[in-house]
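# Notes for the structure review
The chain contents come next:
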Amino acid sequence: MDIKNTSHDSPPLEIYARQFSGKLLLRTEILLDENTFQQLLSLHLFTPVQSIKRKKFTYQCQRCGNQKRSLFATLPRTSGKKILHYCRNCIEMGRVIDSEPLYYWTGKPVKWLEHEAPCTWDGQLTAAQQRAADHIVNAVNNHQQELLIWAVCGAGKTEMLFPGMATALSAGKRICIATPRADVVRELMPRLQKAFQHVPVQGLYGGSKDRAGTAQIIIATTHQLLRYREAFDLLIIDEIDAFPFHADASLPFAANRAKAPQHTTIYLTATPRQEQRRQMVGNKLPHIFVPIRFHGHPLPVPTMKMSFSLKKELQKSEVPLALMKWLKNRKHQTRQLLIFVPTIQLADNMRDQLFVRFRKEGLIKSTNELAAVHAQDPDRTEKVQAFRKKDILIMITTTILERGVTFPSVDVVILDAGHEVFDEAALVQIAGRAGRSPDDPTGEVVFFHDGRTDAMVEAVDSIRLMNKRGGFH
Ligand SMILES: [Zn+2]
């Protein structure tokens, strides 16, 4: 096949451009036969880059930015051949090895459609949402590089993005929403498809069906950004404070590279970290605060319940007395219940014990009404779906459901709220699962503990402060 001669049986370069532009890929990720690939390479439509840069004793993986010597490994040496190094840090996305370059598209860039009135959402923003939305629109129009939206849990931040996204799409820009969790990609996909019915939207996460990543709107887990280069004019980074974005340096590295030369980045958070707060206070990061939930009610303030016997009971996987006492006197017995526990093991153990106990007390009728879920659970997606459909009434969970997921009417408890996995941000996020619906805007939040921690006190203080800033006293 001769690519220069664009006869009608050879795919026009536009198709390749759409497939590959804005990406940084391993040869194995470029699904072209060797002949075609070599032609594109000789025409400089693909440009190779050294995948692992070496300077004396320092190494840097050019896909994930890893420079830790301990995160590089060598392949067993075959006789007479050079020792080959590969990056262990990003290996789950395919092996980056120093003998094989990465490639990016240097042919004609894609011309994305300029959509006229692309937003098909017919809802109404609240005044607080509109204010944030206006700032995002301005940022997009003025090519402002960065804007942070600090919006309380339940502020309706997805809808706030719509006007800014519409502005970007009508200017023929490409958008990516990057979020730390695959659950959130799955939850956002149908909402965005509905809000932008005529614009292609793709969701990317480990194991997603759609893998092409060629749409004008991409929703992706942050790890997927490792495959992009100068791709997005509008990059929206959700939950900027969350693990793993917060903990893994390769993700900011990849996010930075994924931005088009002229770009706008919007950061979203309900619980900014110290570093982001410092930047806001020092006016180093343009930001806007949205202190009110979209339904206009305050955030539920957690109650702390002290129980000396709590740890002992949990160690023996016994149902804590304090929990049973609270359950019997719960104000809204019909609400669904989320029970957060610190470890996977406890989630599984508590499930069996709670089932026996709850059944005896008449709190549930069948096994199906109670479930436990955690990150290693193969049925995780189905269980979350069943809870959403109210087939499951009580869900025991680890922190995987602490953020990004919305259930309309739940009470929330944490068993062992003093455990180190529950830092201030996690506690505020967990409390933020309650009272999300305008039909049931309250919801109880209870921290069961055997000694207050700073994180617990700070979480409650920060929720009170946000309510105060939202005009509630
Ligand atoms: Zn790497």
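Residues numbered from 1 in each chain as written. Predicted model: local features only at pLDDT ≥ 70, side-chain atom pairs only at ≥ 80, totals over all residues. Heavy atoms only, no water.

### What to know about the coordination of the zinc ion
With distances of 2.3 to 2.4 Å, the protein atoms coordinating the zinc ion are Cys61 (SG), Cys64 (SG), Cys87 (SG) and Cys90 (SG). One can describe the donor arrangement at the zinc ion as tetrahedral, given that its four donor atoms subtend angles of 104 to 114° at the metal. In primary-sequence terms, the residues that donate to the zinc ion follow C-x2-C-x22-C-x2-C. One end of the pair, cysteine 64, is in the loop between strand 4 (58–61) and strand 5 (72–74); the other, cysteine 90, is in the loop between strand 6 (85–87) and strand 7 (102–105), and 26 residues separate them in sequence. Each member of the pair, cysteine 64 together with cysteine 90, is buried. (Donors = N, O, S within 2.8 Å, 3.2 Å for Na, K, Ca; no water. Tetrahedral: all angles 85-135°; square planar, octahedral: opposite > 155°, others 65-115°. Helix = DSSP H or I, 4+ residues; strand = E, 2+ residues; numbered from the N terminus. Buried < 20%, exposed > 50% of the residue type's maximum accessible area, 1.4 Å probe, protein only.)

### Points about the environment of arginine 63
Mapped onto the elements, arginine 63 comes out in the loop between strand 4 and strand 5. With relative accessibility at 0%, the residue arginine 63 sits in the buried group. In sequence terms arginine 63 and threonine 303 are 240 residues apart; their C-alpha atoms lie 46 Å from each other. Arginine 63 has contacts with Leu24, Leu26, Glu29, Ser51, Cys90, Met93, Gly94, Val96, Leu102, Leu226, Phe253 and Arg257, leaving out every residue within four places of it along the chain. From its side chain, arginine 63 meets the backbone oxygen of cysteine 90 in a polar contact 3.0 Å long. (Contact = heavy atoms within 4.5 Å. Polar contact = N/O pair within 3.5 Å; in protein donor to acceptor, adjacent residues only side chain to side chain.)

### A few points about the sheet that holds strand 17 (residues 370–373)
The strand order across the open sheet built from six strands is 15-20-19-16-18-17, with neighbouring strands paired in parallel fashion. At either margin of the open sheet sits one strand with a lone partner, and together these are strand 15 (303–306) and strand 17. The mean inter-strand angle of the sheet, taken between neighbouring strand axes irrespective of direction, is 20°. Sheet topology note: the strand 19 (residues 410–415)/strand 20 (residues 445–449) ladder contains four bridges and is parallel. The residue bridging leucine 415 from the neighbouring strand is phenylalanine 448, located in strand 20. The strands that helix 10 (residues 344–360) touches are strand 16 (336–340), strand 17, strand 18 (394–397) and strand 19; relative to strand 17, the one it contacts most, it runs at about 170°. (Pairing = 2+ DSSP bridges. Axes fitted to C-alpha atoms, helices over the stretch in contact; angles between N-to-C directions.)

### Points about the domain arrangement of the chain
It is common to give the size of an interface as the accessible area that goes away when the parts come together. Domains assigned within the chain are domain 1 (3–105), domain 2 (127–290) and domain 3 (303–469). Distance from the C-alpha centre of domain 2 to the C-alpha centre of domain 3: 29 Å. Every contact between the two is made by 17 residues of domain 2 and, on the other side, 20 residues of domain 3. Interface of domain 2 and domain 3: buried area, both sides summed, is about 1,500 Å²; carbon and sulfur atoms make up 48% of it. Arginine 388 is paired through a salt bridge with glutamate 187; the nearest N and O atoms lie 2.8 Å apart. The tally of links between domain 2 and domain 3 comes to six residue pairs in polar contact (both at pLDDT 80 or more). (Domains from an automatic or database assignment. Buried area = accessible area lost by both parts, 1.4 Å probe. Salt bridge = Lys/Arg side-chain N within 4 Å of Asp/Glu carboxyl O.)

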